[in-house]
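Coordinate analysis (summary)
Next come the chains, spelled out residue by residue.
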Amino acid sequence: MESGEGTADRRVPSSRDTAVQRVRGPGRAPLRRDGSEEILLTATAIPREGQRSHGRRWATVSLVLVCLLPALWLARSAFGDDLGANPIEELEIQTGLWTLRFLILTLAITPHRRFTGWNWLARHRRTIGLVTFGYACLHLSMYIGLDMFFDLSDTVEDVAEHLYITVGMTAFLLMIP
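A few points on the structure. (Residues numbered from 1 in each chain as written. Predicted model: local features only at pLDDT ≥ 70, side-chain atom pairs only at ≥ 80, totals over all residues. Heavy atoms only, no water.)

1. With respect to the overall build of the protein chain
Applicable threshold: Helix and strand labels come from DSSP, where a helix needs a run of H or I of at least four residues and a strand needs a run of E of at least two; each type is numbered from the N terminus. Any residue under 20% of the maximum accessible area for its type is buried, any over 50% is exposed, and the rest in between are partly exposed; the area is computed with a 1.4 Å probe on protein chains only. Whether two residues are in contact is decided by their heavy atoms: any pair within 4.5 Å suffices. Computed with a 1.4 Å probe, the accessible areas rest on the Shrake-Rupley method; for each residue, only the protein chains presented here act as cover.
A count of helices and strands for the protein chain gives 7 helices and 0 strands. Secondary structure elements of the protein chain, listed N to C terminal, follow the sequence α-α-α-α-α-α-α. Buried positions account for 20% of the 177 residues belonging to the protein chain. Pairs at least 24 residues apart make up 48% of the contacts formed inside the protein chain by residues separated by at least 6 positions. In the structure as shown, the protein chain presents an accessible area of about 13,800 Å², 62% of it carried by carbon and sulfur atoms.

Take a look at the structure:
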């Protein structure tokens, strides 16, 4: 290939072992074993489903159930008429507050992990982030469905009129994966 057709404009020196594929294990440490590649790849590099501990799965399920407790509390309050004179506004406020709480918790995991060295927290960051997105979707659906009654023109007008709604909509759009 000539330079300019998708190749580098300068020569990149080739490696001594360009035909060798490097296999790395956990922690990016190279695997060094004798034997065939079938045994090497299936026995050490790729853990089988039965070899993984079920502790992480149960921890994730438990974490999601704990994170759903505020939603269950809100549902019980809604069906029990315990939300006050304006229940729709109270539901919107509470789902928005829980979205912010979970967002702060998700964003605080990395600094907390760096300060304390608790690396196990990083495994649950994505789960808490997905719970946060779920609460944000619940908050937005309550706003559009219960408060605005799916009226698009009123919703657009309300977003343009109030800065806090504009910030919330922008934050929601930034959370979309």
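2. Concerning helix 7 (residues 163-175)
Cut-off, in case you're wondering: Each residue after the first adds 1.5 Å to the expected span of a helix.
For helix 7, which comprises 13 residues, the first-to-last C-alpha distance of 18 Å matches the rise-based estimate of 18 Å (1.5 Å per residue) to within 8%. Residues of helix 7 that are buried sit in contact with helix 5 (122-147) and helix 6 (152-161).

3. Some words on the packing of helix 6 against helix 7
To be explicit about the condition: Under this scheme, a helix contributes an axis fitted over its contacting stretch, all axes are lines through C-alpha atoms, and angles between N-to-C directions fall in the 0 to 180 degree range. Orientation labels follow simple angle bins: below 35 degrees gives roughly parallel, above 145 gives roughly antiparallel, 65 to 115 gives roughly perpendicular, and whatever is left gives oblique. Think of it as three bins: nonpolar holds Ala, Val, Leu, Ile, Met, Phe, Trp, Tyr, Cys and Pro, charged holds Asp, Glu, Lys and Arg, and polar takes everything else, Gly as well.
In contact at an axis separation of 5 Å, helix 6 and helix 7 are set at 105 degrees when each is read in the N-to-C sense. In terms of their interaxial angle, helix 6 and helix 7 are classed as roughly perpendicular. Counted together, Thr155, Asp158, Val159, Ala160 and Glu161 of helix 6 and Leu163, Ile165, Thr166 and Met169 of helix 7 form the full contact between these two elements. For the contact of helix 6 with helix 7, the per-class residue count stands at 5 nonpolar, 2 polar and 2 charged.

4. Side note on the environment of Thr116
For clarity, the threshold we go by: Counted as a polar contact is a pair of N or O atoms within 3.5 Å, where, for protein atoms, one must be capable of donating a hydrogen and the other of accepting one, and residues adjacent in sequence contribute only when both atoms are in side chains.
With respect to the element layout, Thr116 can be found in helix 4 (residues 87-116). A polar side-chain atom of Thr116 sits 2.7 Å from the main-chain carbonyl oxygen of His112. Polar contacts involving the side chain of Thr116 include one to the main-chain amide nitrogen of Trp118, which spans 3.3 Å.

5. Describing a nonpolar patch on the surface
Filter applied, for reference: The patches described consist of residues with a relative accessible area above 30% and no salt bridge, like charges being joined within 9 Å and nonpolar side chains (Val, Leu, Ile, Met, Phe, Trp, Tyr) within 5 Å. Here, a salt bridge means any Lys or Arg side-chain nitrogen found within 4 Å of an Asp or Glu carboxyl oxygen.
There is a patch of nonpolar side chains on the surface, built from Trp58, Val61, Leu65 and Leu68 and spanning about 420 Å² of accessible area. Considering the arrangement of structural elements, one finds Val61 in helix 2 (residues 55-67).

6. Some thoughts on the nonpolar core
To keep things clear, this is the line we draw: Buried Ala, Val, Leu, Ile, Met, Phe, Trp, Tyr and Cys residues form a nonpolar core when they are joined through side-chain atoms within 4.5 Å.
Of all hydrophobic cores here, the largest spans 8 residues; its members are Ala136, Leu140, Tyr143, Met148, Val159, Ile165, Met169 and Phe172. When residues of this core are traced back to their parent elements, those giving at least two are helix 5 and helix 7. Those residues in contact with Phe172 that sit more than four places away from it in its chain are Phe133, Ala136, Cys137 and Leu140. Cys67, Ile109, Leu121 and Ile128 belong to the second-largest nonpolar core, a separate cluster that totals 7 residues.

7. Details of the packing of helix 5 against helix 7
How we decide: Rotating anticlockwise by less than a right angle from the far helix to the near helix defines a left-handed crossing, while the corresponding clockwise rotation defines a right-handed one.
Between helix 5 and helix 7, the shortest axis-to-axis distance is 11 Å and the interhelical angle comes to 135 degrees. In terms of axis orientation, helix 5 runs oblique to helix 7. For the crossing formed where helix 5 meets helix 7, the hand is left-handed. Two secondary-structure elements touch here, helix 5 through Thr132, Phe133, Ala136, Cys137, Leu140 and Tyr143 and helix 7 through Ile165, Met169, Phe172 and Met175. Here the contact of helix 5 with helix 7 is composed, by residue class, of 9 nonpolar, 1 polar and no charged.

8. Quick look at the side chain of Glu92
Within the element layout of this structure, Glu92 appears in helix 4. Every residue in contact with Glu92, bar those within four places of it in the chain, is listed here: His139, Met142, Tyr143 and Asp147.

9. Overview of the packing of aromatic side chains
Spelled out, the test is: Aromatic rings from Phe, Tyr and Trp, with only the six-membered ring used for Trp, were paired whenever their centres fell within 6.5 Å, and each pair was classed as stacked if the ring planes differed by under 30 degrees, edge-to-face if by over 60, and tilted otherwise.
In this structure the tally under the stated criterion is 4 aromatic pairs. Residues Phe133 and Phe172 carry aromatic rings whose centres are separated by 5.7 Å and whose planes lie at 10 degrees to one another, so their mutual orientation is stacked. Of the two residues, Phe133 sits in helix 5 while Phe172 sits in helix 7, which places them 39 residues apart along the sequence. Of the residues examined, Phe172 reaches a relative accessible area of 14% and is grouped as buried.

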